[in-house]
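# Working through the structure, step by step
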Amino acid sequence: MSRSVKVAAAQLGPIGRSKSREAVVRRLIELMREAADWGVDVIVYPELALTTFFPRWAIEDEEEIDSWFEAEMPNAATQPLFEEAKRLGIGFHLGYAELAWQDGVKHRFNTAIIVDKAGGIVGKFRKIHIPGHNEVLDRPGQHLEKKYFEVGDLGFPVYQAFGATCGMAICNDRRWPETWRVMGLQGVEMVFCGYNTPVGLGDPYDLDALTLFHNQLSFQAGCYQNATWAVGVAKAGCEEGFNMIGQSMIVAPSGEVVAMCNTIEDELIVHKCDLGRSAEYKRDIFNFAYHRRPEHYGLIVERTGAGSPEK
Ligand code: ING
């Protein structure tokens, strides 16, 4: 009898700028109860699931910026979610903006956590690939994540949860093969990845028109090449006048999409993920020890450098 994890992707529709954390948590709990009815082990919420996607605006006031962040987790607004999860015996993954103090210095991260069925935080990830810009561009919509978030300082760890080796990525991270391979080298079997992916910000046509294709491609390639399941979950719909893709999906180690949302609102999809499929691919075609030869790749020394794009 192979091991399995029953997962739910809990896609969220738009969250208005004025929506309270409490109102959003009520939506999360409603989806959690629906997932519990399906006997789900873990429900996966999107990136920045507690608020509107505020990096679409240039905010200068420090207090206003901090108002979009959580200084503690859980806190008064999210405690009901942790308590309901424990009552229902269901785990969850939650993305949120994290305000963290380290040695008396304030840091802001785009963060996600894994919470087990007992309501305990068993894993944390801070987004590493921060897309967009740190200054306003001359175009219809902005993407100012570099203005608000530091690069994550936790790497791509994996955790034992729900009977599986679980890892996390956030949004843009999914586009980078390193994200998946660093977890793949740690034997990951299940990746949780929330996203807020805008369209219509004024990017070149093909970038926009291919956004849905690139979203699917990123998940399917990452899963197949690292023999892992993934749950990709969108904050979707037209949020404060800006469109974001839905297309939340559950992807198998074969790269096949086994479930996908077909709305751009709050929607739940569920799948019983057979971890034996991951084991098959790790034992055969992606048996890293048997087939992978990094010592022969002629890897160049990685050049680091956070330089801005060529003008
Ligand atoms: N959003 C987007 C993402 O990586 C983006 C940014 C959009 C990049 C479209 C490229 C094309 O899905 C976040 N939040 O990372």
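Presented here is a report on the structure given in the accompanying data block. (Residues numbered from 1 in each chain as written. Predicted model: local features only at pLDDT ≥ 70, side-chain atom pairs only at ≥ 80, totals over all residues. Heavy atoms only, no water.)

### Looking at the overall build of the chain
- A tally of helices and strands in the chain yields nine helices and 15 strands.
- Rg of the C-alpha trace for the chain: 19 Å, near the compact-globule value of 19 Å for 311 residues, within the 12% margin.
- Along the first, second and third principal axes, the C-alpha atoms of the chain reach 55 × 50 × 45 Å.
- Buried residues in the chain amount to 52% of all 311 residues.
- Once local pairs closer than 6 in sequence are excluded, the contacts in the chain between residues at least 24 apart make up 71%.
- On the chain, roughly 14300 Å² of surface is accessible, and the fraction owed to carbon and sulfur atoms is 53%.
- The chain carries 32 positive and 42 negative side-chain charges, and their two centres are separated by 4 Å. (Helix = DSSP H or I, 4+ residues; strand = E, 2+ residues; numbered from the N terminus. Rg over C-alpha atoms; globule rule 2.2 N^0.38 Å. Buried < 20%, exposed > 50% of the residue type's maximum accessible area, 1.4 Å probe, protein only. Contact = heavy atoms within 4.5 Å. Areas by Shrake-Rupley, 256 points an atom, 1.4 Å probe, with all protein chains shown as cover. Lys, Arg positive; Asp, Glu negative; His and termini not counted. Charge placed at Lys NZ, Arg CZ, Asp CG, Glu CD.)

### What to know about helix α5 (residues 177-184)
- Within α5 the residues assigned to the buried category are T179, W180, M183 and G184. Each buried residue of α5 lies within a common arc of 125 degrees when the element is viewed along its axis, so the set occupies one face.
- Tucked into the core, α5 has its buried residues touching β6 (158-161), β7 (164-170), β8 (190-195), α7 (211-225), β10 (229-234) and α9 (288-291). (Arc of directions from axis to C-beta.)

### As for the layout of surface pockets
- In this structure, the second largest pocket spans a volume of roughly 430 Å³.
- What lines the second largest pocket is a set of 19 residues, and nearest its centre among them are H143, N172, R175, D203 and L207.
- Those elements that place two or more of their residues in the lining of the second largest pocket are α6 (205-209) and α7. (1 Å grid on protein atoms, 1.4 Å probe; cavity = no way out; pocket = protein on both sides within 12 Å on 5 of 7 lines; lining within 4 Å. Points joined across faces, edges and corners; volume = space filled by probe spheres on them.)

### Here's the deal with helix α3 (residues 79-88)
- Here α3 has its buried residues at L81, F82, E84 and A85. One side of α3 carries all its buried residues, which in axial view fall inside an arc of 165 degrees. Along α3, exposed side chains directed more than 90 degrees from the buried face belong to K86 and R87.
- Of the surrounding secondary structure, the elements contacted by the buried residues of α3 are α1 (21-37), β3 (91-102), β4 (105-115) and β5 (121-126).
- At the exit of α3 stands G89, carrying a positive phi of roughly 65 degrees.

### Regarding the nonpolar core
- One finds M190, F192 and V231 to be the most contacted residues of the largest nonpolar core, which totals 44 residues.
- Filtering out sequence-adjacent residues up to four positions away, M190 remains in contact with V5, V7, T165, C166, G167, T228, W229, V231 and C273.
- Listed in part, the 27 residues of the second largest apolar core include A8, L31, M32 and Y96. (Core = buried A, V, L, I, M, F, W, Y, C linked by side-chain atoms within 4.5 Å.)

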